[in-house]
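Coordinate analysis (summary)
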Amino acid sequence: MKKMEGLFLVLMAISLVLSGCNRTRGDDSSGSSLLQTMAFNEAILVGNPQGHPADPFLATSGAGEVFVSWTEESSGEEGRDGFIAKVKGGGKQLAEIRQMNQEPISGHGGENLAKFALAPDGGVAAIWSAVSHVHHAGTLRAVYGEGSGPFTPEETLNDDQGVTNHGFTGIATGPDGRIYASWLDGRNDEEAAEVFMAVSEDGGKSFGKNFQISTFACPCCRPTIEFLDGGETMIVAHRRFATSSGYIVSDNVRNHQLIRSTDGGKTFSDPVLISDDGWVTYGCPHAGIALDVDSQDMIHAVWWTGGRTPDEAGIYYTYSEDGGRSFAPRQLIVQAPHDTVLHTHITVDTNDTLYASWINIEENRPQIFLAHRSAVTEQWSPIHRVSDGAWNTVYPVVTVDEENLYVAWTERKGEDSQVRLRTAPLVGN
Amino acid sequence: MRFKNRSDLGLMVAVFTIVLLVGSLFAALVQAQTQEPETVVIRGRVVDLTCAVKGKVMTEAWNNVGQDHMMADGNIQKGCAAMCLTGGHPAALFSDNAITAVFACNPRGSGVSEYNLAKYAAAPVELQGYWASAGVFVPQKVRRTTLSVEARYGSGGWRTLDCAIMH
């Protein structure tokens, strides 16, 4: 009998422990995104290492296929070649690698990297800056690749034929299948960039007339395009610039602002300030804002600012719940150096979990970091370092499919460079 | 050797002294020319010296150390600093509410870049170079105080300046 009592007590104890474990898991699941850490796969190298790959860009098609583009040293005398591939096996391999260009691509990369958008029919529209021998001047080139076929020869996207600045692009596919390209353009005042746009009605095979959508743009900070209301509303964010060339006031404050269009880009609203950071700088900071929109049409934005004072510098987050008419007060994700311009990129999964990647400096080296924000708890996860710290790492880009988060970036060591890609199961999967 | 009088002796001493002095100065000059000057980095804002000082005299404050400058008639000239430096005005460095260096030259950039000192008008910068004499600085390289991460951890963001290529 004593043996039975002993066995009963042991079973009770085990039961209590297990129930406690269950309760803990249950509590965690209510805030799972907060505590769930990301389990990243080993990074893979993208491209031919002999070509010193750099400047990756990622996008996911409507069918859920993930594509990565990058550039390598050109087989010609100057510039770089651009490539695109499908990412297979949950990020473990690349397939259907295609060269996109026939003429050399500008080697500047970075904020001015080659980008692409995916058409609903599987086509790929890519844009980039061509090699230029005139400082701060160049043309934008566009190509189209059908399915897994070859790309068309380059066509010039800017229609002004001018020798002035065209670059720092954003490109996105609208829910209606149109592809919208946006860029910074100096045709009206080479000292003060304006934001221009062109629309492709045929899934990227060709682009229409250029039109100005905003003035007073920071001259080296990429614009970003997103869509709301099932495509009824388009939003474009860019960093405002105040030049002293007589163009506008000379305060040199570089805040991000957002404009909205409800007629397919024919007209845009007055700009709305995303955050009044008050950061003043001179020259070209090369830092646009990262935007994405979740299934509830909530706009998420993550960016770096130098702040009004050095201790304000950091990576910040805000959101808009009214379609970009106003934004919540910014939230600091992490502090960062005030004198080194850093870069961010974000994406949202189907559960509306926001994934933000950025560069920060750790052990005197730029590294890639990532955190996610739960739509349920509205809390940020702990910050995860994605790069391994051996090389200087820059310009992270992220995308998601149904199962995984994909992060790619450029690593540099002296004259050498390489592109790495890592994946992790989405939180909650 | 005997001197006829004291004045001969004095003349001899004076000549000897002058020879010694000239010799030592010449040696110092040769040494100065053959030795590498000490390279230093100074920080501040690139200003047009003429406009900055005129503004200080007119308004009793450093009001003309930005891009836009107040004219004698009270009007504001937009982009004055860049315009004047491009035109070849003397350049200087402004920091801690004072002119802390007068540049020995207002150079154009060399190499493939079109950058020159005027491109940095009114901007906070770091300048690498050496002191030619008290207050006179020879700029050899320039970079903005705020740099992209690629520049800071790659090339360093420095642009070469060459006093031989002046406005």
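Calculation notes
Residues numbered from 1 in each chain as written. Chains lettered and ligands numbered in written order. Predicted model: local features only at pLDDT ≥ 70, side-chain atom pairs only at ≥ 80, totals over all residues. Helix = DSSP H or I, 4+ residues; strand = E, 2+ residues; numbered from the N terminus. Buried ≥ 20, exposed ≤ 12 C-beta atoms within 10 Å, placed from the backbone. Contact = placed C-beta atoms within 7 Å. Nonpolar A, V, L, I, M, F, W, Y, C, P; charged D, E, K, R; others polar. Pairing = 2+ DSSP bridges. pLDDT = per-residue confidence, 0-100.

A separate point is the overall build of chain A. Tallying secondary structure elements over chain A gives two helices and 29 strands in all. Relative to its full complement of 429 residues, chain A shows a buried share of 51%. Across chain A, the fraction of contacts at a sequence separation of at least 24, relative to all contacts at a separation of at least 6, is 53%.

Time to look at the overall build of chain B. For chain B, the count of helices and strands is four helices and ten strands. Going from the N terminus to the C terminus, chain B shows its helices and strands as α-β-α-β-β-α-β-β-β-β-β-β-α-β. Here the contacts in chain B between residues at least 6 apart in sequence split such that 54% fall between residues at least 24 apart.

Attention now moves to the interface of chain A and chain B. Counting residues at the interface gives 21 residues for chain A, matched by 18 residues for chain B. In terms of residue class, the side of chain A that touches chain B is built from seven nonpolar, twelve polar and two charged. Two strands pair when backbone bridges link them, and strand S22 (residues 340-341) of chain A and strand S9 (residues 147-148) of chain B are joined in this way by two bridges, in the parallel orientation. Within S9(B), the residue paired with A:Val341 across the bridge is B:Ser148.

A few words now on the pairing of strand S8 (residues 140-145) of chain A. Residue and element names in this part refer to chain A. By the criterion of burial, S8 is predominantly enclosed, with six of the six residues buried. Side-chain alternation along S8 places Leu140, Ala142 and Tyr144 on one buried face and Arg141, Val143 and Gly145 on a second face that is also buried. Pairing of strand S7 (residues 124-129) with S8, which is carried by six bridges, proceeds in the antiparallel orientation. Residue pairing in the sheet places alanine 126 in a bridge with valine 143 of S8. Note: S8 against strand S9 (residues 155-156), two bridges, orientation antiparallel. Bridge pairing links arginine 141 to threonine 156 in S9.

With that settled, consider the sheet that holds strand S6 (residues 115-118) of chain A. The antiparallel open sheet is built from four strands, whose spatial order is S6-S7-S8-S9 (chain A). Either end of the sheet is taken by a strand with one partner, and the two such strands are S6 and S9 of chain A.

This paragraph deals with the environment of A:Gly428. With respect to the element layout, A:Gly428 can be found in the segment after strand S29 (416-425). For the pair A:Gly428 and A:Thr353, spaced 75 residues apart in sequence, the C-alpha separation works out to 9.3 Å.

Okay, the confidence of the model for chain B next. Residues at a pLDDT of 70 or more form 74% of chain B, whose mean pLDDT is 83. Reported for the predicted complex are a pTM of 0.85 and an ipTM of 0.82.

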